[in-house]
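# Chain and residue survey
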Amino acid sequence: MHGHNWKLEVEVTAQALDQQGMVMDFKDIKESARELCAQLDHRYLNDISPFDLINPTAENLAAFFYRGLSKQLNNERARVSAITLWETERACVRYTEDQ
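Before going into details, it helps to say that this report is about the structure given with it. Owing to the predicted nature of the structure, the values given are computational and were not obtained by experimental measurement.

## Brief notes about unusual backbone geometry
That bond from Ser 49 to Pro 50 is cis: its omega, 5°, falls within 30 degrees of zero. Looking at the secondary structure, you find Pro 50 in the loop between α1 (26-40) and α2 (58-73). With a phi close to 55°, His 42 is a non-glycine residue in the positive phi region. Locating His 42 in the fold gives a position in the loop between α1 and α2. Looking at His 42, the relative accessible area reads 79%, which means it is exposed.

So this is what it looks like as C-alpha cells:
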C-alpha cells in the first residue's frame, strides 16, 4: 500500500459577477473541497464509495471531485467548470464535463 499527496485545482465560471463583483467566494470553494478531501484523507480508497467499484486513478478522483463540488457549489449564476488534480509538480489530469 502507498499514499499520494495531491493538489486540487478548482475552476469556476460564470456569465455574470455577483453584487460583490465575484464569481464565487474562494472561502466557499475551499470549504467544500476540504469536506470532500476529508472523506478520503488517510483512508484506503478501495474501501470508499465509489472507489470500491472503480479504480481510484487520478482521473477517477478528478471526476469524483468535479461531481461532488458541482453538487455543492453550482448555482443559477456560477458553476464548477473543471477540476485539475496534480499528482506531482509536472503531472496532472484535468477533468470536465463541458462539451
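## Some remarks on α1
Helix length check: α1, at 15 residues, gives a terminal C-alpha distance of 21 Å against a target of 21 Å (1.5 Å per residue), a fit within 8%. Within the sequence span of α1, burial applies to Ile 29, Ser 32, Ala 33, Leu 36 and Leu 40. Projection of α1 onto a plane perpendicular to its axis shows the buried side chains occupying an angular sector of 95°, all on one side. Set apart from the buried face of α1 by more than 90 degrees, the exposed residues are Lys 27, Arg 34 and Ala 38. Of the surrounding elements, those touching the buried residues of α1 are β1 (7-14) and α2. Capping of α1 at its N-terminal end is provided by Asp 25; its side-chain oxygen lies 2.8 Å from the backbone amide nitrogen of Lys 27. Phi for His 42, located one or two positions after α1, is positive at around 55°.

Reading the values: rules and limits
Residues numbered from 1 in each chain as written. Predicted model: local features only at pLDDT ≥ 70, side-chain atom pairs only at ≥ 80, totals over all residues. Heavy atoms only, no water. Helix = DSSP H or I, 4+ residues; strand = E, 2+ residues; numbered from the N terminus. Buried < 20%, exposed > 50% of the residue type's maximum accessible area, 1.4 Å probe, protein only. Expected span 1.5 Å × (residues − 1). Arc of directions from axis to C-beta. Contact = heavy atoms within 4.5 Å. Polar contact = N/O pair within 3.5 Å; in protein donor to acceptor, adjacent residues only side chain to side chain.

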